[in-house]
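What follows is each chain in one-letter form.
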Amino acid sequence: MKLLAFVTVLMLSSAVADEDPDAVYSLGPLSQQTDGVPRGRLTKHVWESTIFAGTTREYQVYIPAQYDGTQPACLMVFQDGHAYASPTGQLRVPVVFDNLIHSGELPVTICVFVNPGHKGSEQPKNRWRASNRSFEYDTLSDQYARFIQRELMPHVIEQFALNISDDPADRAICGASSGGICAFTVAWEHPEWFGKVLSHIGSYTNIRGGHVYPALIRKTEPKPIRVYLQDGSNDLDNEHGNWWLSNLQMDKALAFMNYDYLFVAGQGTHSQKHGGAILPDSLRWLWRDHVTGKTDKAAATVDPENVYEALHVSHTGGDYTDERFDYRLMSPSSITEGKKYPLILFLHGAGERGSDNKRQLTHFPVLMAQPQYRERYPCFVLTPQCRTGRKWVEVDWSAARTHKSPPSPGDQMQVALQILKQTLNDYPIDPDRVYLTGLSMGGYGSWDLGCRHPELFAAVAPICGGADNDAVAALKNMPVWVAHGSADRVVPTERSRLAVAALKQAGGNPVYVELPGVGHNSWTPSYTDNDGLIPWMFRQTRK
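Residues numbered from 1 in each chain as written. Predicted model: local features only at pLDDT ≥ 70, side-chain atom pairs only at ≥ 80, totals over all residues. Heavy atoms only, no water.

Draft legend 1. How the structure looks around empty space enclosed by the protein. This model, assessed by the stated rule, comprises 1 cavity of 30 Å³ or more. In this structure, the largest cavity encloses a volume near 30 Å³. Around the largest cavity, the lining residues are Phe-325, Asp-326, Pro-384, Gln-385, Trp-392, Gln-412, Val-415, Ala-416 and Ile-419. The set of elements that each furnish at least two residues to the lining of the largest cavity consists of β13 (320-330) and α13 (411-426). Take the lining of the largest cavity: its biggest share by element is 4 residues, from α13. (1 Å grid on protein atoms, 1.4 Å probe; cavity = no way out; pocket = protein on both sides within 12 Å on 5 of 7 lines; lining within 4 Å. Points joined across faces, edges and corners; volume = space filled by probe spheres on them. Helix = DSSP H or I, 4+ residues; strand = E, 2+ residues; numbered from the N terminus.)

Draft legend 2. Representation of the pairing of strand β4 (residues 74-79). The buried fraction of β4 is high, at 6 of 6 residues. Along β4, one buried face is formed by Cys-74, Met-76 and Phe-78 and the opposite face, lined by Leu-75, Val-77 and Gln-79, is buried too. The pairing of β4 with strand β5 (residues 109-114) spans 6 bridges and is parallel. Looking across to β5, one finds that Cys-74 is bridged to Thr-109. Sheet topology places β4 next to strand β6 (residues 171-176); 4 bridges connect them, and they run parallel. Within β6, the position partnered with Phe-78 by the bridge is Cys-174. (Buried < 20%, exposed > 50% of the residue type's maximum accessible area, 1.4 Å probe, protein only. Pairing = 2+ DSSP bridges.)

Draft legend 3. Structural context of the packing of aromatic side chains. Using the criterion set out here, one finds 23 aromatic pairs in the structure. When the ring of Tyr-320 is compared with that of Phe-325, the centres are 5.1 Å apart and the planes differ by 85 degrees; the resulting orientation is edge-to-face. Residue Tyr-320 is classed as buried on the basis of its relative accessible area, which comes to 10%. Using a relative accessible area of 2% as the deciding quantity, one classes Phe-325 as buried. Here the aromatic rings of Trp-397 and Tyr-444 are separated by 6.4 Å at their centres, their planes lie at 40 degrees, and the arrangement is tilted. (Phe/Tyr/Trp six-rings, centres within 6.5 Å; stacked < 30°, edge-to-face > 60°.)

This is how it looks when you write it as structure tokens:
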């Protein structure tokens, strides 16, 4: 996606404005501490590096008040951390995160603020003058990325017992000046570690060869990273190069290669005032696909029967001959010609069985029918209905640890599969963004169908279900999100724990969310978490 934005600035004629191009930039209300907003915890530490031998550095860790460890948090790492973490500085990152996480505009995110290394018995009084800063930040290699990923972060995760996502889409890195090019280099070298970059007044100049990036970008297969660049027209111009022109070259190169990026240009100097003024907007842009936004509970609820079209197929198989099976399909509120949309196959629980073609429109289908979700996630939602007395997968639900799936799917799952394939054929659906989720009986069904046909799905999300643990290896390359309440007395929590363990043993990397004190209705917190399962699902693409 090629995006270019120029910040409109006031043309001030006063002498102060002429002398200081940054005078037009000021911090907004989201950069101020607000009464009633829970504040995260910020702690300071010192680290002695082995990758950068002989250096020590300060680092700070921010843990938001909303973090409870039940699901993986996002991560954002800031270079020159002292400047970004300061509650009275030009950026005030912890304050901004406090406000935006509270408002539901940012996901729950752990922030790590890292200073550059220094060779000396004490840290320099001017933290910008750390002796190893230019070597670490301006060098075009993966050494600094390895320091963050393999040395510092494992220590931070262990020190605070943190549950942090290792999905690069959930991890961002940021810096200013040499820290800006450093952030870009980390993601450029290892996009499998960091998928988002925020660069303020980045030094894409010839300090240690960074001026080559625009050419490298143009001649290299695009990397799966999202980039936000900020710079001002009055930035530095010296023997290393012109910062403004270098950032313009980065802008053009990223546009030429169709990166998901945004360049915000201003009139500022080599300072962080502009970056601080627009920090809330830049963070919202970077994390725009991670949150649903807080649900307006006062809003009128849309009746799903008015949104989901009633359809049917004729099925022959097992006990059925030309039997009519009804189902429901919700389409995007508007469809653009030539565009393809995601599809979610939802498998309901035992209480919604029947042949009325209505009972299955509960829980997840109701949520997705609401305007907030239809606008945020235009997609198709497919909801077949299992007949009374039947199951999505015909196994003994009383099995405490695992079950053995039948060699072929039962008739109810065969119907669901027939409906899915017909829908994929008849509607403008993106085959790389087909998702499968279900709850309770549908959780069993999601495990089963996903294992039988992993080629059909971009992600699978079984809620409070059970799996054939010997079959889950089929999902080892699939994004999988599993949720279960710790107090579930209908389907034992152990069923999900053991299935997840088996999947990890097979080489998979599932997200497992065990909700403390929650009973069998774990689907409610799972589907309504504004930065949880649903935003995660829509970020997945079939590989």
